[in-house]
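Per-entry structural report
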Amino acid sequence: MSKDLVRAPAAVTPDNCDCQCDGTTYLDEHDTVQGNCQSADTSGRKWCYISPDQKTKEACKDGFDYDSRYNLFKSYAACSSPDPSSDKCLLLPF
């Protein structure tokens, strides 16, 4: 007899709160909004642009595909980060 395991969500860390989307978007050739977790890439994962500053890049840990049009990296992790003004982040001991 097998049971589906339910995993508890990971604890929120300061890095989660510092890994935030930049908010930059663009319309692709099909008039689909790209960026800011609005659509998925070919891997099926939603992504957003993140600031290229060291703090954000280190917090996100998955910065990829530097876009020279906007001077920004992309991240999947930032799409699942909590709002930095949420209790989850504000109550963390920084």
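A few points on the structure. (Residues numbered from 1 in each chain as written. Predicted model: local features only at pLDDT ≥ 70, side-chain atom pairs only at ≥ 80, totals over all residues. Heavy atoms only, no water.)

**Digging into the packing of aromatic side chains**
Within the structure shown, the criterion is met by five aromatic pairs. Centre to centre, the rings of Phe 64 and Tyr 76 are 4.7 Å apart; their planes meet at 25 degrees, and the pair counts as stacked. Residue Phe 64 is found in strand β4 (residues 64–67), and its partner Tyr 76 is found in the loop between β5 (72–75) and α3 (87–90); the two are separated by twelve residues along the sequence. By way of ring pairs, the aromatic residues Tyr 26, Trp 47, Tyr 49 and Tyr 70 are connected into one cluster. (Phe/Tyr/Trp six-rings, centres within 6.5 Å; stacked < 30°, edge-to-face > 60°. Helix = DSSP H or I, 4+ residues; strand = E, 2+ residues; numbered from the N terminus.)

**Examining the pairing of β4**
Direction of pairing for β4 relative to β5: antiparallel, over a ladder of two bridges. Residue pairing across strands places Asp 67 opposite Leu 72, the latter belonging to β5. In textbook terms, the turn of a hairpin is the stretch between consecutive antiparallel strands, and for β4 and β5 this stretch comprises four residues, one of which, Asn 71, has a positive phi near 55 degrees. (Pairing = 2+ DSSP bridges.)

**Quick notes on the state of the cysteines**
Tallying each qualifying case throughout the model produces four disulfides. Disulfide pairing places Cys 19 opposite Cys 60 at an S-S distance of 2.1 Å. An S-S torsion of about 110 degrees defines the bridge between Cys 19 and Cys 60 as right-handed. Residue Cys 19 is found in the loop between α1 (14–18) and β1 (26–27), and its partner Cys 60 is found in helix α2 (residues 54–60); the two are separated by 41 residues along the sequence. Accessibility classification places Cys 19 together with Cys 60 in one group, the buried group. (Disulfide = S-S within 2.5 Å. Buried < 20%, exposed > 50% of the residue type's maximum accessible area, 1.4 Å probe, protein only.)

**Some thoughts on the pattern of salt bridges**
Here the structure, examined in full by the defined rule, presents three salt bridges. Its salt-bridge partner being Lys 55, residue Asp 18 comes within 3.9 Å of it at the nearest N-O pair. Residue Asp 18 is located in helix α1, and its partner Lys 55 is located in helix α2; the two are separated by 37 residues in the primary sequence. Asp 18 sits in the partly exposed class, given a relative accessible area of 23%. One salt bridge in this structure joins Asp 65 and Lys 74, with 3.1 Å as the shortest N-O distance. (Salt bridge = Lys/Arg side-chain N within 4 Å of Asp/Glu carboxyl O.)

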